[in-house]
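Listed below are the residues making up each chain.
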Amino acid sequence: MALVAVVMLPVLAGLALYALPRDDRRICKIAACGVALATLVLVVLTHGQSATYGWLSRPFTAAFHFSNGGISTWIALLLSLCTLCAILTCNVPRLRNFLTLMLLLEGSMMGLFLARDLLLFALFWDLMLIPVFLGLVGWGEHTATAWRYLIYNFAGGLTLLLATAAFGIAYGSTDVIGVAGLAHLGNVWQPWIFAGFAFAFLVKTPVWPLHTWMPATYADTPSPMVAVVSAVQSKAGLYGFIVISRALLPESSHAAANLMIWLGIVGLLYGAVVALVQTDAKRLVAYSSLSHLGLILIALFSFNELALRGAVIYIIAHGLFSSALFLVLGYVEQREETRSLLRLGGLGWQNPRIAGAFCLVALAALGLPGLAGFSGELLILAGVFQSGNISAALVALVPIVIASAYMLRLFQGLMNGPQIADLPIRKDLSWLEGLALAPLIAALVFLGVYPQPVASFDASSYAVHAAVKK
Amino acid sequence: MIANPYNSLDWNAVIPLLVVSVTALAVLFADLVARGGVKRVVCIAIGLAGLAVAAVLCAKSYGQSYSSFGGGFIMGGFTVVFEELIVLSAIFSVALYSAVGEARHLAGSIALLLWSAAGAMLMAGAGNLMTIFLGLELLSLALYCLCGMSRRTTARESALKYLILSSTASGFMLYGMALFFGATGSVSLAALANPATAASPLFLVGTALFFIGIAFKLSLVPFHVWTPDVYEGAPLPVTAFMSVATKAGALAVLVRFAYATLPSIHVREILLPLYVVAAISMLVGNLAALAQTDMKRLLAYSGIAQIGYILVALAGTTALGLRYAVFYLAAYLFMNLGAFAVVALMSTENEEGSRIAAFHGLGWRRPWLAAAMAFFLLGLAGFPPTAGFIGKVLILASAVGAGYAWLAGFLILGTAISLYVYFKILRLMYERDQQRAAPVVENSSALAWVSVGVCAIVTVALTFYPLVPSNIIPLVK
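About the criteria used
- Residues numbered from 1 in each chain as written.
- Chains lettered and ligands numbered in written order.
- Predicted model: local features only at pLDDT ≥ 70, side-chain atom pairs only at ≥ 80, totals over all residues.
- Heavy atoms only, no water.
- Helix = DSSP H or I, 4+ residues; strand = E, 2+ residues; numbered from the N terminus.
- Lys, Arg positive; Asp, Glu negative; His and termini not counted.
- Charge placed at Lys NZ, Arg CZ, Asp CG, Glu CD.
- Rg over C-alpha atoms; globule rule 2.2 N^0.38 Å.
- Buried < 20%, exposed > 50% of the residue type's maximum accessible area, 1.4 Å probe, protein only.
- Contact = heavy atoms within 4.5 Å.
- Areas by Shrake-Rupley, 256 points an atom, 1.4 Å probe, with all protein chains shown as cover.
- 1 Å grid on protein atoms, 1.4 Å probe; cavity = no way out; pocket = protein on both sides within 12 Å on 5 of 7 lines; lining within 4 Å.
- Points joined across faces, edges and corners; volume = space filled by probe spheres on them.
- Nonpolar A, V, L, I, M, F, W, Y, C, P; charged D, E, K, R; others polar.
- Patch = residues over 30% accessible without salt bridge, like charges linked within 9 Å, V, L, I, M, F, W, Y side chains within 5 Å.
- Salt bridge = Lys/Arg side-chain N within 4 Å of Asp/Glu carboxyl O.
- Buried area = accessible area lost by both parts, 1.4 Å probe.
- Polar contact = N/O pair within 3.5 Å; in protein donor to acceptor, adjacent residues only side chain to side chain.
- Phe/Tyr/Trp six-rings, centres within 6.5 Å; stacked < 30°, edge-to-face > 60°.
- Lys NZ or Arg CZ within 6 Å of the ring centre and 35° of its normal.
- Core = buried A, V, L, I, M, F, W, Y, C linked by side-chain atoms within 4.5 Å.
- Expected span 1.5 Å × (residues − 1).
- Axes fitted to C-alpha atoms, helices over the stretch in contact; angles between N-to-C directions.
- Parallel < 35°, antiparallel > 145°, perpendicular 65-115°, else oblique.
- Left-handed = near helix turned anticlockwise from the far one by under 90°.
- Pairing = 2+ DSSP bridges.
- pLDDT = per-residue confidence, 0-100.

Moving on, we get to the overall build of chain B. Of regular secondary structure, chain B possesses 19 helices and two strands. With the C-alpha coordinates aligned to their principal axes, the bounding extent of chain B is approximately 70 × 55 × 40 Å. Each charge class in chain B was averaged separately, 25 positive and 17 negative side chains, and the resulting centres sit 2 Å apart.

Turning next to the overall build of chain A. Summing up its helical and strand segments, chain A has 20 helices and two strands in all. For chain A, whose C-alpha radius of gyration is 21 Å, the value lies close to the compact-globule estimate of 23 Å for 470 residues. In terms of overall dimensions, chain A has C-alpha extents of about 70 × 55 × 40 Å along its principal axes. A total of 470 residues make up chain A; the buried ones form 65% of that total. Summarising the internal contacts of chain A: among those between residues at least 6 apart in sequence, 82% fall at separations of at least 24. Element-wise, carbon and sulfur atoms account for 68% of the exposed surface of chain A, whose accessible area totals about 15,300 Å². Of the side chains in chain A, 24 bear a positive and 19 a negative charge, and the two mean positions are spaced by 1 Å.

All names here are of chain B. With the rule as written, the count across this model stands at four cavities of 30 Å³ or more. If you add up the space inside the largest cavity, you get close to 50 Å³. As for the largest cavity, its lining consists of Leu 254, Ala 258, Leu 271, Leu 274, Tyr 275, Leu 311 and Leu 314. Of all elements in the fold, only α11 (236–261), α12 (267–290) and α13 (295–314) reach the threshold of two or more residues within the lining of the largest cavity. In terms of residue count, the dominant contributor to the lining of the largest cavity is α12 (three residues). Residue composition of the lining of the largest cavity, by class: seven nonpolar, no polar and no charged.

This part takes up the environment of A:Trp262. Tracing the sequence through the fold places A:Trp262 in helix α12 (residues 250–276). Separated by 123 residues in sequence, A:Trp262 and A:Trp139 have C-alpha atoms that sit 36 Å apart.

Below, the discussion takes up a nonpolar patch on the surface. Residues and elements named next belong to chain A. Nonpolar side chains collect at one region of the surface, where Phe 385, Ile 390, Leu 394 and Leu 397 lie side by side and expose about 380 Å² of accessible area between them. In terms of residues, the nonpolar patch owes the most to one element, helix α18 (residues 390–415), which gives three residues. On the secondary structure map, Leu 394 appears in helix α18.

Another point: the interface of chain A and chain B. Taken together, the contact between chain A and chain B spans 36 residues of the former and 36 residues of the latter. Both sides together, the interface formed by chain A and chain B hides about 3,400 Å², and carbon and sulfur atoms give 80% of it. Across the chain A-chain B interface, the total number found is zero salt bridges. On inspection of chain A and its partner chain B, the count reaches two residue pairs in polar contact (both at pLDDT 80 or more). Elements supplying a minimum of two residues to the side of chain A that touches chain B: β1 (50–56), α5 (118–127), α6 (129–139) and α7 (143–171) of chain A.

This part is about the packing of aromatic side chains. All chains considered together, the criterion is met by 45 aromatic pairs over all chains. Seen from their ring centres, A:Trp139 and B:Trp364 are 6.1 Å apart, and the 90 degrees between their planes marks the pair as edge-to-face. In this pair, A:Trp139 is assigned in helix α6 and B:Trp364 in helix α15 (residues 362–365), connecting two distinct chains. Take A:Trp139: its relative accessible area is 11%, and that puts it in the buried class. On the basis of relative accessible area, B:Trp364 is assigned to the buried category, the value being 9%. An aromatic cluster is defined as three or more aromatic residues linked by ring pairs; in this entry it consists of A:Phe113, A:Phe121, A:Trp125, A:Phe197, A:Phe201, A:Tyr239, A:Phe241, A:Phe301 and A:Phe303. Lying over the aromatic face of B:Trp364, A:Arg94 brings its terminal NZ or CZ to 4.2 Å of the ring centre. Here A:Arg309 stacks its cationic end above the ring of A:Phe457, 5.0 Å away from the centre of that ring.

Moving on, we come to the nonpolar core. Counting 383 residues, the largest nonpolar core has A:Phe301, B:Phe210, B:Phe359 and B:Met429 as the members making the most contacts within it. Among the elements that take part in this core, helix α14 (residues 319–346) of chain B stands out by supplying 22 residues, more than any other. Here B:Phe359 is in contact with B:Met295, B:Val342, B:Val343, B:Met346, B:Gly353, B:Arg365, B:Met373, B:Ile425, B:Leu428 and B:Met429, once residues within four sequence places are set aside.

Empty space left among the atoms is revealed by rolling a probe the size of a water molecule over them. As a volume, the largest pocket reaches approximately 1,500 Å³. As for the largest pocket, its lining consists of 46 residues, of which A:Val11, A:Leu15, B:Phe375, B:Pro385 and B:Val460 are closest to the centre. Class assignment of the residues belonging to the lining of the largest pocket gives a composition of 40 nonpolar, six polar and no charged.

With that settled, consider helix α6 (residues 153–184) of chain B. All names here are of chain B. Its 32 residues place the ends of α6 47 Å apart at the C-alpha level, agreeing with the 46 Å of an ideal helix rising 1.5 Å per residue. Burial in α6 covers these residues: Ala 155, Ser 158, Ala 159, Tyr 162, Ser 166, Ala 169, Ser 170, Met 173, Gly 176, Met 177, Leu 179 and Phe 180. One or two residues past the end of α6 sits Gly 185, with phi positive at roughly 70 degrees.

Residue and element names in this part refer to chain B. Contact geometry of helix α17 (residues 387–401) with helix α18 (residues 405–430) gives a least axis separation of 7 Å together with a crossing angle of 155 degrees. Compared by their axis directions, α17 and α18 come out roughly antiparallel. Considering how the two elements wind past one another, α17 and α18 form a crossing that is left-handed. Contacts between α17 and α18 involve Lys 392, Ile 395, Leu 396, Ala 399 and Val 400 from the former and Ala 405, Ala 408, Leu 411, Ile 412 and Thr 415 from the latter.

Before going further, it helps to examine the packing of α12(B) against α18(B). Two numbers describe a pair of packed helices, the interaxial angle and the distance between the axes. All names here are of chain B. Between α12 and α18, the shortest axis-to-axis distance is 8 Å and the interhelical angle comes to 20 degrees. The angle between α12 and α18 falls in the class roughly parallel. With respect to the hand of their crossing, α12 and α18 are arranged in left-handed fashion. Of α18, the residues touching α12 (which contributes Leu 272, Tyr 275, Val 276, Ala 279, Met 282, Leu 283, Asn 286, Leu 287, Ala 289 and Leu 290) are Trp 406, Leu 407, Phe 410, Leu 411, Leu 413, Gly 414, Thr 415, Ile 417, Ser 418, Tyr 420, Val 421 and Lys 424. Of the residues belonging to the contact of α12 with α18, the class tally is 17 nonpolar, four polar and one charged.

Residue and element names in this part refer to chain A. As defined by bridge partners, β1 adjoins strand β2 (residues 62–67) across six bridges and the pair is classed as antiparallel. In the sheet register, Ala 51 faces β2, and the bridge partner there is Phe 66. Between β1 and β2, which pair antiparallel in sequence order, lie five residues.

Bringing the environment of A:Ala311 into the picture now. Residue and element names in this part refer to chain A. Mapped onto the fold, Ala 311 is located in helix α14 (residues 305–336). The spatial distance from the C-alpha of Ala 311 to the C-alpha of Trp 74 is 13 Å, given a sequence separation of 237 residues. Each residue touching Ala 311, except ones within four places of it in the same chain, is listed here: Ile 296, Ala 299, Leu 300 and Ile 380.

Turning our attention to the confidence of the model for chain A. All names here are of chain A. On average, residues of chain A score 88 in pLDDT, and 97% of them are at 70 or above. Mean pLDDT across the secondary structure elements of chain A bottoms out at helix α15 (residues 347–350), with 80, and peaks at α5, with 94. Predicted confidence is poor over residues 464–470, with pLDDT under 50, and the contacts of this stretch with residues over four places away or in other chains come to 11 contacts.

So, on to the pairing of β2(A). Taken across its six residues, β2(A) has six buried, putting it largely inside the fold. On β2(A), burial covers both faces: A:Ala62, A:Phe64 and A:Phe66 on one face and A:Ala63, A:His65 and A:Ser67 on the other are all buried.

Residues and elements named next belong to chain B. In this model, α13 (20 residues) spans 29 Å end to end at C-alpha, consistent with the 28 Å of a helix rising 1.5 Å per residue. In terms of burial, α13 is a largely internal element, 20 of the 20 residues being buried. The opening residue of α13, the one whose side-chain oxygen lies 2.8 Å from the backbone nitrogen of Lys 296, is Asp 294.

Once that is clear, we can look at unusual backbone geometry. All names here are of chain A. Cis geometry marks the peptide bond from Thr 205 to Pro 206; its omega dihedral reads -15 degrees. In this fold, Pro 206 is placed in the loop between α8 (190–204) and α9 (214–220). The omega angle of the peptide bond from Trp 208 to Pro 209 is 5 degrees, so this bond is cis rather than trans. Relative to the helices and strands, Pro 209 is located in the loop between α8 and α9. Phi at Arg 94 is positive, roughly 50 degrees, even though this residue is not glycine. Looking at where Arg 94 falls in the secondary structure, it is placed in the loop between α3 (71–88) and α4 (95–114).

Below, the structure written as C-alpha cells:
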C-alpha cells in the first residue's frame, strides 16, 4: 500500500496544488517541496516492498504490480532527489501550474521505474510524455519543439504498446518484469516484439539517428524540468533494455547486439564531436548526454556482467551530474538572461560559488577519478573489454578524451576568461540554490569513492548469466 | 417461413423501449401543462427520469435470453448492453439541453430524441430484417427533424442533407434485405444462417448492399461525407446523441449479422471489405480531423476513426473481440460525450461553443473545464490513464491474436495521426502567450458539469477496472 502511495502521492498532490491560491508562489513552492521530500522518504521506507493488485485476466494476465528493489530503487531515489532539488529553486512564471507538472512528471516516472508489469510500464511510458509536452507548450521557447518531442516519443510509445499487446498474447501474461529465471518467449514473433520495444527505447534514450528531438527539447524546456527529464526520463529507454529486452527477449537481443553496439558507437562519437562546437550551453550538455548514453548502450549490449554493473552506476552518475549541470545552467541563465557561450564569460570573478559548484559537476561529467562518472566509465570499459569486443572498448575511449575538451570549454567559456563589461553583475549562489546542488554533488562524490551499493544488485533477475561469447 | 408473431408475444422484452417511448409522450404533455420558467426544468427532468427508469429495467434483464415477437426481437445480454449504452447516451444528450441556450421547441426536441433512442434500442435487439428496418427508420426519421431544430441556416442544410443521403442508404439496405429474402425465403437473421445459401450470388450481393447501409450509419469512409456537415449543423445535444447512439444501433445490427448470420467458414472473406473500410476510415478520419476549425466537425471526423478502431476489435469475429468492441464503444461513449459536455459548457446565449479558436487560453481562464477537456481528448487519443488507453490495448491484443496484425498496424498508424488532432487543442488551451480575454458570462449549467464529472470518473475507473461484459456471445444469436 505504501508503495502505491509512492506513485500516487506526487500525482494526486500535484493535482491538489490547483486548490492553492494561484498567486501565492511561496505557499505553492513549500507545498510542492513537502510532497517531493515525502516521496523521497517514502522511496527509502518502502525499499524491498512489492504490491500487486489484479487488473486484466483476459486476453492476457496483467496486474498493477509495483516493486521497489534492485535497479529500480536506485533510479527511484535518483528521481525523487532530482525532483526535490529542481523544485527547490524553481523560479518560473505561473509557478503553481508548473509545479503541478513537475509532480505529475515525478509520479509518472516513479510508476514507470517501479512497475513490474509490461502493460503498467506502457501506461506510465505514455503518461510521462504529457507533463513535458505541457511544460514545453506553456514555458518553452518554440511550440515546434513540443510537437517534435511528442511525435517522436509517442511514435515510440505506440510501437511499445503494440509490442506489449503482442507479448501478452504470445506469452499469456505481462506481469514479467524483473522475474528471475523466467522461461523465454520462444516464438516466431520475438524479433517483431523486440523491434517494437527497441524502437521505443532507442527514441527515448535517445540513440543516434533517432535523437533529433532531444537537443531542441533540452534547450527549450525550463531548467528545472529538463534537469529531471535528462536525468531520469532519458534512462527509461536504457532501463527498458535492461529489464525487458535483455531479460525477456534474449535471443533477439543477442541477434541485434552488433547493430546496437554500432548505433551506440556512432552516437558516442557524434554526440562528443557535435558538443565540441555548440555555442548554446544547454545544447552542449544535451549532445554530451547523447554521447554518454551511447556508451551505456554499448555496455548493455556487450552482455557482460561487469559492464552491466558499470552501466547502472553510470546511469545514476549521469543522472546526478546532468541534472546538476542543467540546474547550474538554469541559475546562470536566470541571472544573465542568456546561455550563449559567445555572450557569456568571466562569471567566476563575480560568482565564485557558482563557478566552484559548476567546476565540480563538470569534472564529474568528464569522468575525473574520485567522482561518480569515473567509476561507471571504468567498469563499463573493463566489461566491454572482458566481453572480447576490444575494438569497441578502444573506440569508446576516444569520446572520453573529447569529453574533457567540451566540458572544459563549457566551464571556461562561462566562468573563466576576462569579464565581459556589459553583462549585468548579479548575486552569487543563494543558500537555497546551494542547498539544491549540495545533495547532488555529495552523491557524486560518494559514488565516486564508494560505488559498491549501487553496483551490488542481484543481476540474476536481469538475465546476464545468459551471456554469449562473441 | 415467417412464424406467426402472435404466438410469442412477450412484451417484457420491450419494456425499456416502451418506457422510453412513453416518456417522450409525457414530456410533450408536461410541456402543455407547465408554465413559465419551470417548463424547461420539468421537461428535462421528466426526460431524464424516464431514461433512468429504462436504464434500470434494462439492467435487470441482463443475463436473460429469449426471443419474442416471433424472433423479431431478441432479448439477451448483448441486447441489454447495447440498449444500456444507447440509453446512457440519450441521458447525457438530454442533460446537455440544460446548457445550450438555443432550445426552440425544447419539449419536442427531447421527445424526438427519446423516440430516436427507442429506434436505436429496437435495432439493438432486432432479430429479423423487418425489425432492423423498423428501428432504423424510427431512429432516422426522428433525427431528420432534430437536425433541423435550430434557428441557424446550417441546421436546414444539415437536415436536408441527412434526409436525402440517409434515405438513399436506407434504400440500399432495403434492397439488400429484399435480396436476402429472395435467396432464403425468410426475413429472420437466424434463418439466413445457412452455408448453402451463403454462397449464392443473391446473398452476396444482398450482403454488399446491406453493408453499404450499415457503413453509412456508422459513417465509415467512403460513406462518411454527410457526417461533418450534419454534425456541424445539428444542435449540440443532437450531435452528441448521433455520435454515439446511431453508431451503437448500427453496430449492434452489424455484430448480430456478422456473428449470428454469416456462416463461419466464409466469414473472413465476406467481412474483408469491411476491415479494409475500417482501415481506410482510421486514416482518413484522423487526417481530415487535422484541418478542422470547428469542434463538432473535429469530433465527427474523430468519430469516423474511432468506429474504425471498434471494427478492428471485431476482426476475426472472435468472442473476445466482441467484448472488447463493446468495451471500447462504452469508453468512446464516455470520452466523446464528456467532450461534448465541455463544448456545451463553452456555449453562450447566442453561440454554441464549438469554435476551436474559442479554446485558446482556456487553461488559464477556466482551468477545471480545460483540464476536463484535456482529459477527454487524451482519452480519445488513447493516452493513459483513460479507458481509451486500455481499450486500445485490448483491441490490439485481440486483432493480433486473431491474425489481423495488419489491421493492428493501421490502428497504430491512425492513432499516430490522431495525436496531432487532439494535442492541437491541448496546445491551444495551454499555450504560453495568452492575452487575457475579456471576462464573459460563464456558462455553468449544473447538469452539464455533472455530465462532465461522471464521464471523467467513469473514464478513469474503466482503466483500472475494465468491466468487459463476459457473457455476450451466446446471446447474440
